[in-house]
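Chain residues, written in single-letter form:
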Amino acid sequence: MNETLDTHLQELRRGTIVLACLQLLRSAGYGYGLLEELERRGFATDANTLYPLLRRLEKQEYLTSEWNTDEARPRKFYRTSEAGIRLADTLTDEWRSLTTAIASLTSEEN
């Protein structure tokens, strides 16, 4: 792909990854597991994008976190907070509206 197209695709995906994380983290998960689940569901991203996003969403109080030290390697588990659930629901409604609007644009005959 060319650089301009890559840039546009990256911009398009940037907002969707926030919504995907908020939805997936309704059940607690840790960073690497979330990376794998996102990729499995078609939201390929990298750690350099995901981890800062998780920290930002936690700072904004859309995620909560706690450390699990029961295993050999401590892991920080994240979960969508009540505020995050409300945000995810609002973003999902908006996504559905936008999807409908885009579909109407692409189905119109010119």
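These figures come from a predicted structure and were not determined experimentally.

> Is there a simple way to explain the sheet that holds strand β1 (residues 29-30) in this structure?
Each strand in a sheet pairs with another by means of backbone hydrogen bonds, the pair being arranged parallel or else antiparallel. Ordered in space as β1-β3-β2, the three strands form an open sheet in which the pairing is antiparallel. One side of each edge strand has no neighbouring strand; the edge strands of this open sheet are β1 and β2 (63-68). Pairing geometry for β1 and strand β3 (residues 75-80), over two bridges, is antiparallel. Residue pairing in the sheet places Tyr 30 in a bridge with Phe 77 of β3.

> For this particular structure, what's the right way to read helix α3 (residues 47-59)?
In an α-helix, one turn spans 3.6 residues, which is why side chains three or four residues apart end up on the same side. Helix length check: α3 (13 residues) gives 18 Å between terminal C-alpha atoms against 18 Å at 1.5 Å per residue, within 8%. Every buried residue belonging to α3 is among Leu 50, Leu 53, Leu 54 and Leu 57, and all of these are buried. One face of α3 carries all of its buried residues, which in axial projection span an arc of 100°. Along α3, exposed side chains directed more than 90 degrees from the buried face belong to Asn 48 and Lys 59. Buried residues belonging to α3 abut α1 (3-24), α2 (31-40), β2 and β3. The N-capping residue of α3, defined by a side-chain oxygen 3.1 Å from the backbone nitrogen of Asn 48, is Asp 46. Count one or two residues on from α3 and you reach Glu 61, which has phi positive near 70°.

> Explain the packing of aromatic side chains to me, please; I cannot follow it from the model alone.
How two aromatic rings sit relative to each other is set out by the distance from centre to centre and by the angle between their planes. For the coordinates displayed, the defined rule picks out one aromatic pair. Relative to Phe 77, the ring of Tyr 30 has its centre 5.4 Å away and its plane inclined at 65°; by these criteria the two rings are edge-to-face. With Tyr 30 in strand β1 and Phe 77 in strand β3, this residue pair connects regions lying 47 residues apart in the sequence. Under the relative-accessibility criterion, Phe 77 is labelled partly exposed at 23%. The cationic tip of Arg 75 hangs over the ring face of Tyr 30; the distance from NZ or CZ to the ring centre is 4.1 Å.

> When you look at the pairing of β2 in this model, what are you seeing that I'm missing?
A regular strand places its side chains so that they alternate between the two faces of the sheet. Note that β2 and β3 share six bridges and pair antiparallel. By the bridge assignment for β3, Trp 67 is matched with Lys 76. Linking β2 back to β3 in an antiparallel pair, the connection comprises six residues.

> Sorry, what's going on with unusual backbone geometry here?
Across the chain, the bulk of peptide bonds are trans and the bulk of non-glycine residues have phi less than zero. The backbone phi angle of Glu 61 is positive, close to 70°, even though this residue is not glycine. Summarising the element assignment, Glu 61 is placed in the loop between α3 and β2.

What counts and what doesn't
Residues numbered from 1 in each chain as written. Predicted model: local features only at pLDDT ≥ 70, side-chain atom pairs only at ≥ 80, totals over all residues. Heavy atoms only, no water. Pairing = 2+ DSSP bridges. Helix = DSSP H or I, 4+ residues; strand = E, 2+ residues; numbered from the N terminus. Expected span 1.5 Å × (residues − 1). Buried < 20%, exposed > 50% of the residue type's maximum accessible area, 1.4 Å probe, protein only. Arc of directions from axis to C-beta. Contact = heavy atoms within 4.5 Å. Polar contact = N/O pair within 3.5 Å; in protein donor to acceptor, adjacent residues only side chain to side chain. Phe/Tyr/Trp six-rings, centres within 6.5 Å; stacked < 30°, edge-to-face > 60°. Lys NZ or Arg CZ within 6 Å of the ring centre and 35° of its normal.

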